[in-house]
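What follows is the residue order along each chain.
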Amino acid sequence: SVALFLQSAQRVRPDFSPPPADQEAIRQICQLVDGMPLGIELAATWVRLLSCHEIVHEIQRSLDFLSTTLRNLPARHRSLRAVFDQSWGLMTAQEQQVFRQLACFRGGFTRVAAEQVGGATLPMLAALADKSLLQQMSAGRFGLHQLLHHYAQERLEEAGETVTIRQQHLCFFLAYAEGDGPTYVRSPAWLAQIAAEYENLWMALQWAATGGTVESGLRLAFSLHVYWEMRGYWREEYEWLTRLLALPTAELPTLIRARVLTHAGK
């Protein structure tokens, strides 16, 4: 991948010879495009204007950055968006719905989570994986590549399904965190499963604080306080508890509010 980037960069800028300090940025570029030759070649065309570190930043910021005005390429190869649009057009309506709804996950997901949150059956996951739209990760997890994730998120917003799917995501991970009995007798297995899904739990808390059900967010934060304390994440615990408690709809005198106030005041 690095060799392809250097070769492609030297086609548009023959004097391109990156210093050793740029090697990590070039490796990061290749990782960001998941080693896709077209993605590498499109990124490399920008060395005529930008440094390698700036290219990394722009890829992270927008999918549309990976495009070119060069006319010696077919139109469908002038941007990654065009490639993704072509793949999108070849999906069935059901595949499109599942694909865009999987954008609610962060850090990967299990087949159980995909089915309960996004309605993705195992055959559907296999179909998306066969089309290289889904990656099979370790320990029975799946995930979307970062650029495909951005694309799926855009499609989710276009479909007007963001609120519904994010609320379903919150409900699923609230039940996930509340499992394994009372918070004061959490098992090592529970701590391990929280660590495995921490990015998803963080996103669920974020949704509860910005547009979801605050009561669910308070319950989730209360369920996580044992994990935060056992891992020494005192600052993170305090920030989440106080942030949720400060929301107007969190002021109702409920039992969960009392419990959260107790931990926030420690």
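Read on for an overview of the structure. (Residues numbered from 1 in each chain as written. Predicted model: local features only at pLDDT ≥ 70, side-chain atom pairs only at ≥ 80, totals over all residues. Heavy atoms only, no water.)

What to know about the overall build of the chain
Stated precisely, the cut-off is as follows: Helix numbering and strand numbering both begin at the N terminus, where a helix is a DSSP run of H or I of at least 4 residues and a strand a DSSP run of E of at least 2. Burial classes follow relative accessibility: with a 1.4 Å probe on protein chains only, a residue under 20% of its type's maximum area counts as buried, one over 50% as exposed, and anything between as partly exposed. Any two residues having at least one pair of non-hydrogen atoms within 4.5 Å are treated as being in contact. The accessible surface values rely on the Shrake-Rupley method and a 1.4 Å probe; as for residues, cover is taken only from the protein chains in view.
Along its length, the chain carries 15 helices and 3 strands. Out of the 266 residues in the chain, the part that is buried amounts to 47%. Contacts in the chain between residues far apart in sequence, at least 24 positions, make up 65% of those at least 6 positions apart. Carbon together with sulfur atoms contributes 54% to the accessible area of the chain, which is approximately 13300 Å² in total.

Concerning the layout of surface pockets
Using the following cut-off: A 1.4 Å probe that fits but cannot get out identifies a cavity on a 1 Å grid over protein atoms alone, an open set with protein on both sides within 12 Å along at least five of seven lines counts as a pocket, and a residue lines either if it has an atom within 4 Å of a point. Grid points are joined across faces, edges and corners, and a volume is the space filled by probe spheres set on the points. Three classes are used, and their members are as follows: Ala, Val, Leu, Ile, Met, Phe, Trp, Tyr, Cys and Pro are nonpolar, Asp, Glu, Lys and Arg are charged, and the others, Gly among them, are polar.
Taken as a whole, the largest pocket encloses approximately 290 Å³ of empty space. G107, L144, H145, Q146 and H149 are the residues nearest the centre of the largest pocket, which is lined by 14 residues in total. In terms of residue class, the lining of the largest pocket is made up of 5 nonpolar, 8 polar and 1 charged.

A look at helix α5 (residues 80–89)
Selection criterion: By definition, the arc is the one covered by directions from the helix axis to the C-beta atoms.
Within the span of α5, buried status applies to L80, R81, F84 and W88. Seen end-on, α5 carries its buried residues on one side only, within an arc spanning 100°. Here the buried face of α5 lies against α3 (37–44), α6 (93–101) and α9 (146–158).

Quick notes on the packing of α5 against α9
To keep things clear, this is the line we draw: Interaxial angle, 0 to 180 degrees, is taken between N-to-C directions of lines fitted to C-alpha atoms, where a helix line uses only the stretch in contact. Crossings are classed by handedness, with left-handed meaning an anticlockwise turn of the near helix from the far one by less than a right angle and right-handed meaning a clockwise turn.
In the contact formed by α5 and α9, the axes pass within 11 Å of each other and the chain directions differ by 60°. Helix-helix and strand crossings are classified by hand; for α5 and α9 the assignment is right-handed. Contact residues: α5 offers L80, R81, F84, D85 and W88, while α9 offers L147, L148, Y151, E154 and R155.

Thoughts on the nonpolar core
In plain terms, the rule: Here the nonpolar core consists of buried residues drawn from Ala, Val, Leu, Ile, Met, Phe, Trp, Tyr and Cys, with membership extended through side-chain atoms lying within 4.5 Å.
By size, the foremost hydrophobic cluster in this structure holds 79 residues, and its most contacted members are F5, I59, L66, F99, L102, F109 and L220. A total of 8 residues in this core trace back to one element, the largest contributor, which is helix α13 (residues 214–231). With sequence-adjacent residues up to four places away left out, I59 is seen in contact with I29, L32, A43, F65, L66 and L147.

With respect to the pattern of salt bridges
In plain terms, the rule: We define a salt bridge as a side-chain nitrogen of Lys or Arg found within 4 Å of a carboxyl oxygen belonging to Asp or Glu.
According to the stated counting rule, one finds 11 salt bridges in the structure shown. Measuring nitrogen to oxygen at the nearest pair gives 2.8 Å for the salt bridge that ties R141 to E197. Here E197 lies in the loop between α11 (188–196) and α12 (198–210) and R141 lies in strand β3 (residues 141–143), a separation of 56 residues in the sequence. The exposure classification of R141 matches that of E197, with both residues buried. With its nearest N and O atoms 2.9 Å apart, the salt bridge here joins R235 to E239. Placement of both R235 and E239 in helix α14 (residues 234–245) is noted, with a separation of 4 residues, approximately one turn of the helix. Salt bridges linked by common partners bring D85, R155 and E158 together as one network.

Here's the deal with the sheet that holds β3
The line we're drawing: DSSP bridges decide pairing: two strands pair if at least two such bridges lie between them.
With antiparallel pairing, the 3 strands of this open sheet are ordered in space as β1-β3-β2. Looking along the sheet, the strands with just one partner apiece sit at the ends: β1 (109–110) and β2 (135–136).

Focus on the packing of aromatic side chains
Quick reminder of the rule: Stacked, tilted and edge-to-face are the three classes assigned to paired rings of Phe, Tyr and Trp, where Trp is represented by its six-membered ring and a pair needs centres within 6.5 Å; plane angles under 30 degrees give stacked, over 60 edge-to-face, the rest tilted.
Applying the stated criterion across every chain yields a total of 13 aromatic pairs. Consider the rings of W88 and F99, whose centres lie 6.3 Å apart with planes at 55°: the pair is tilted. Here W88 is found in helix α5, whereas its partner F99 is found in helix α6, with 11 residues between them in sequence. Where W202 meets W240, the ring centres are 5.7 Å apart and the plane angle is 80°; that geometry is what we call edge-to-face. Residue W202 is located in helix α12, and its partner W240 is located in helix α14; the two are separated by 38 residues in the primary sequence.

That's the geometry; what it means functionally is another story.
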